[in-house]
Amino acid sequence: MDKVGKYLEMAEPFHCDFSHRLFMGHLGNHMLNAADFHSRDRGFGMDFLNNINKTWVLSRLAIEMEEMPAQYDKFYVETWVESAMRYFTNRNFRVVSADETNPKVYGYGRSIWAMIDTETRQPTNIFDIDNGAILNWVEKEKENPMAKLTRVQMDDKAELVRTIDTYYNDVDINGHINSVKYIEHVLDLFPLDWYKEHPLKRFDIAYVAESHQGDRLNLYREQVDENVFCVRICKDDGTEVVRSKATFI
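What counts and what doesn't
- Residues numbered from 1 in each chain as written.
- Predicted model: local features only at pLDDT ≥ 70, side-chain atom pairs only at ≥ 80, totals over all residues.
- Heavy atoms only, no water.
- Phe/Tyr/Trp six-rings, centres within 6.5 Å; stacked < 30°, edge-to-face > 60°.
- Helix = DSSP H or I, 4+ residues; strand = E, 2+ residues; numbered from the N terminus.
- Buried < 20%, exposed > 50% of the residue type's maximum accessible area, 1.4 Å probe, protein only.
- Lys NZ or Arg CZ within 6 Å of the ring centre and 35° of its normal.
- 1 Å grid on protein atoms, 1.4 Å probe; cavity = no way out; pocket = protein on both sides within 12 Å on 5 of 7 lines; lining within 4 Å.
- Points joined across faces, edges and corners; volume = space filled by probe spheres on them.
- Nonpolar A, V, L, I, M, F, W, Y, C, P; charged D, E, K, R; others polar.
- Pairing = 2+ DSSP bridges.
- Axes fitted to C-alpha atoms, helices over the stretch in contact; angles between N-to-C directions.
- Contact = heavy atoms within 4.5 Å.
- Polar contact = N/O pair within 3.5 Å; in protein donor to acceptor, adjacent residues only side chain to side chain.

With respect to the packing of aromatic side chains
- Summed over all chains, the structure comprises eleven aromatic pairs.
- With 6.4 Å between their ring centres and 85 degrees between their planes, Phe190 and Tyr195 make a pair best called edge-to-face.
- Ring centres of Tyr195 and Phe248 lie 5.7 Å apart, and the angle between their planes is 70 degrees; on these two criteria the pair is classed as edge-to-face. Taken together, the residues Tyr195 in helix 4 (residues 192-197) and Phe248 in strand 10 (residues 240-248) connect sequence positions 53 residues apart. Summarising the burial analysis for this pair, Tyr195 and Phe248 share the class buried.
- Joined through ring pairs, the aromatic side chains of Phe190, Trp194, Tyr195, Phe229 and Phe248 make up one cluster.
- Across from the ring centre of Tyr76, 4.4 Å away, lies the NZ or CZ of Lys6, which sits over that ring.
- The ring of Phe190 carries the charged tip of Arg221 above its face, separated from the ring centre by 5.3 Å.

What follows is the structure, encoded as structure tokens:
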């Protein structure tokens, strides 16, 4: 089996926005599914881990696109593990058209994942699983040209712009608020007219703490550069759960 997983997808019409191109949130879902399919096929997926009270949780994600797939476009999401450490793995993504004769690269993604104990919710040693077999799947040669993940810097002057409640549809298989739901909540802060003039180029998000159904989430926004905005999401008790940055053209 190849170290790089390759999964065929399609930009379904009702997963596309007003421009007839794939929503960033749905692309995020395709990437997370590809990560699960890749790890599952190679023996360290969530269905195996759940049987030993372990699971993967997404720590950080960045997606940078030259172009989003258009409605009905078929495309591949490729994914591979770039490196593995005791508590974290770096996983890359490439989004490329399904045209085998003249493939077009839409963009790339970078992510960091942690393995946690489902009972204690604490990080656990990845190399304890099957004697560190994940190292057999590390691919260091495949290129990912997008900039490395960096910390999202924000100060205390960010403005509270929205408060939202969380419900059943916000919760994922790990029992906490879905990683992609945060992306959608952040991108909903910008009106439709903004997107007509400013396509989204890159989105960075760091998952700091868990939140759960019933938590109220407060979104604080700060403009840090022309067409660049940072958004912090906190619970009512002040706990920061997410920090993100949206870079528009």
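What about the layout of surface pockets?
- Considered as a void within the structure, the largest pocket measures approximately 1000 Å³ in volume.
- Val57, Leu58, Ser59, Ser179 and Tyr207 are, among the 43 residues lining the largest pocket, the residues nearest its centre.
- Class assignment for the residues of the lining of the largest pocket results in 22 nonpolar, twelve polar and nine charged.
- If you go around the second largest pocket, you meet 24 residues; those closest to its centre are Asp17, Leu22, Phe23, Met24 and Tyr195.
- When contributions to the lining of the second largest pocket are tallied by element, the ones reaching two or more residues are helix 1 (24-41), helix 3 (179-187), helix 4 and strand 7 (200-207).
- In terms of residue class, the lining of the second largest pocket is made up of 13 nonpolar, three polar and eight charged.

Points about the sheet that holds strand 6 (residues 159-165)
- Taken in spatial order, the ten strands line up as 1-3-4-5-2-7-10-9-8-6 in an open sheet, and their pairing is antiparallel. Either end of the sheet is taken by a strand with one partner, and the two such strands are strand 1 (5-10) and strand 6. Adjacent strand axes in the sheet meet at a mean angle of 25 degrees, parallel and antiparallel pairs treated alike.
- Looking at chain direction, strand 2 (residues 54-65) and strand 5 (residues 105-117) are connected through eleven bridges and run antiparallel. Following the sheet pairing, Leu61 is matched in strand 5 by Ser111.
- Sheet contacts for helix 1: strand 1, strand 2, strand 3 (74-84), strand 4 (88-97), strand 5 and strand 7; angle to strand 3, the most-contacted strand, approximately 55 degrees.
- Lying over the sheet, helix 3 contacts strand 2, strand 6, strand 7, strand 8 (216-225), strand 9 (228-235) and strand 10, oriented at roughly 130 degrees with respect to strand 7.

Regarding the side chain of Arg110
- Within the secondary structure, Arg110 sits in strand 5.
- Here the side chain of Arg110 touches Met146 through a polar contact of 3.1 Å, landing on its backbone oxygen.
- With near-sequence residues (within four places) excluded, Arg110 lies in contact with Arg60, Leu61, Ala62, Glu82, Arg91, Asn92, Phe93, Asn144, Met146, Ala147, Lys148 and Leu149.

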